[in-house]
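Working through the structure, step by step
Letter by letter, the chains look like this.
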Amino acid sequence: MSLMKRISLIFRSKANKALDRAEDPRETLDYSYQRQLELLSKVRRGVADVATSRKRVELQVNQLEQQAAKLQGQAEKAIGAGREDLAREALTRKSGLASQITSLKEQQATLQGEEEKLVLAQQRLQAKVEAFRTRKETIKATYTAAEAQTRIGEAMSGIGEEMGDVGLAIQRAEDKTAQMQARGQAIDELIASGALDDASQLNAGDDISRELDALSSGSDVEAELARLKAGSATQPQAIEAGDGDILAEPEAVPVEGETTEGGRA
Amino acid sequence: MIVRILGEGQYDLDDHALDALNGLDSQIESAVEAGDEAMFRTALQGLLAAVRASGTHHDVDSLDESDLILPPPDATIDEVRELLGDDGLIPG
């Protein structure tokens, strides 16, 4: 396995080089253990960072989906009002959002995957660090500096390889997250600027937005008018059913009472 | 024999199981040399799948060194070249 063998040798030698050796090999153990704990907290931070990025992408997906639903509603209203041109524009913008949403969902899946990988890497490292700590205490308690050399070498190279692996995993997750953060920033800015309201991102979008607004407020007015008309048609009917005298009488009594009271006061 | 898939952990494999993977290894090698990303991906996925299928998870709390270290499943040719050091391409 020539290529893979080569990768293995280089990876291992790099991992071992990264571990500094102290004069007393037993000090090397403590030093290395310190580094392992640092790496453990680094991988935990990595998990938290990736999770934060993932949540941010989720939030953006929600915002864009709301926007898409709004455009859908506008398209329906426009069709109801016989404005096919406006409906077409709204649907065009909606389809522009759809591709953004798809790409964000892909990012979300990638980040989720990185997060899971880091969590597993953290668990593996945790197990090895724990094993190393036990081994370290045994070596320090049992062997003299000279005797300890071989045992330390074994423990160190085993943990060194794991640390190299975890270090690589963190670096790759950071790279992927950084790429997405840059894109995420751009989308946040677009959402904030309202530019995504006009998915076509043309200035003409503003006019159409206004027309749609006018259309919806226009139809609101019509709906209100219709309700008022219906109300004025039914109200007199109900009152008439109770007869005109009843309308006059109850109104007349309190009005009289009030006027007398008002007169007295 | 212990094989590590980077980002995934260590597997125990029989030596003869590993022999069967040599064909895939040379495919990966020629894909890296040719810069053929599609062929590289296929061969790498095949190799890693074979390791997972014929291997068992090595104890997580062992401090054993791996005999073989394989790139992560989503590695690109460039990343493999990086793993190989600055000089990149494998001679011969």
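Please read these numbers as outputs of a predicted model, since none were measured by experiment.

1. Focus: the UniProt feature "coiled-coil region" (unreviewed entry) in chain A
As recorded in UniProt, the feature "coiled-coil region" (unreviewed entry) lies at residues 47-124 of chain A. For residues 47-124 of chain A, helix accounts for 96% and strand for 0%, while the C-alpha atoms at its two ends are 14 Å apart.

2. As for the interface of chain B and chain A
With 41 residues of chain B at the contact, the number on the chain A side is 32 residues. Interface area for chain B against chain A, summed over the two sides, is near 3100 Å², with a carbon-plus-sulfur share of 56%. Sorting the residues of chain B by area buried against chain A places L63(B), E65(B) and I69(B) first, and these three jointly supply 24% of that buried surface. Linking chain B to chain A there are eight salt bridges. Note that D74(B) is salt-bridged to K176(A), the shortest N-O span being 2.8 Å. Applying the counting rule to chain B against chain A returns 18 residue pairs in polar contact (both at pLDDT 80 or more).

3. Quick notes on the sheet that holds strand β2 (residues 9-12) of chain B
All names here are of chain B. Strand order in the open sheet formed by four strands is β3-β2-β1-β4, with mixed pairing between adjacent strands. A strand with exactly one partner marks an edge of an open sheet, and here the two such strands are β3 (56-57) and β4 (68-70). In this structure, strand β1 (residues 2-5) lies alongside β2, joined through four bridges in antiparallel fashion. Across the sheet, I5 pairs through a bridge with G9, a residue of β2. The sheet contacts of helix α3 (residues 37-54) involve β1, β2, β3 and β4, and relative to β1 the element is tilted by about 130°.

4. Remarks on the confidence of the model for chain A
Residues and elements named next belong to chain A. Per-residue pLDDT for chain A has a mean of 79; in total, 75% of the residues score no lower than 70. Every residue in residues 236-244 is under pLDDT 50, and counting partners more than four places away or in other chains gives two contacts. Here residues 246-265 is modelled with pLDDT under 50, and outside its nearest four sequence neighbours on either side it reaches two contacts, counting other chains as well.

Rules of the game
Residues numbered from 1 in each chain as written. Chains lettered and ligands numbered in written order. Predicted model: local features only at pLDDT ≥ 70, side-chain atom pairs only at ≥ 80, totals over all residues. Heavy atoms only, no water. UniProt positions renumbered as here; feature names shortened; annotations may be inferred. Helix = DSSP H or I, 4+ residues; strand = E, 2+ residues; numbered from the N terminus. Contact = heavy atoms within 4.5 Å. Buried area = accessible area lost by both parts, 1.4 Å probe. Salt bridge = Lys/Arg side-chain N within 4 Å of Asp/Glu carboxyl O. Polar contact = N/O pair within 3.5 Å; in protein donor to acceptor, adjacent residues only side chain to side chain. Pairing = 2+ DSSP bridges. Axes fitted to C-alpha atoms, helices over the stretch in contact; angles between N-to-C directions. pLDDT = per-residue confidence, 0-100.

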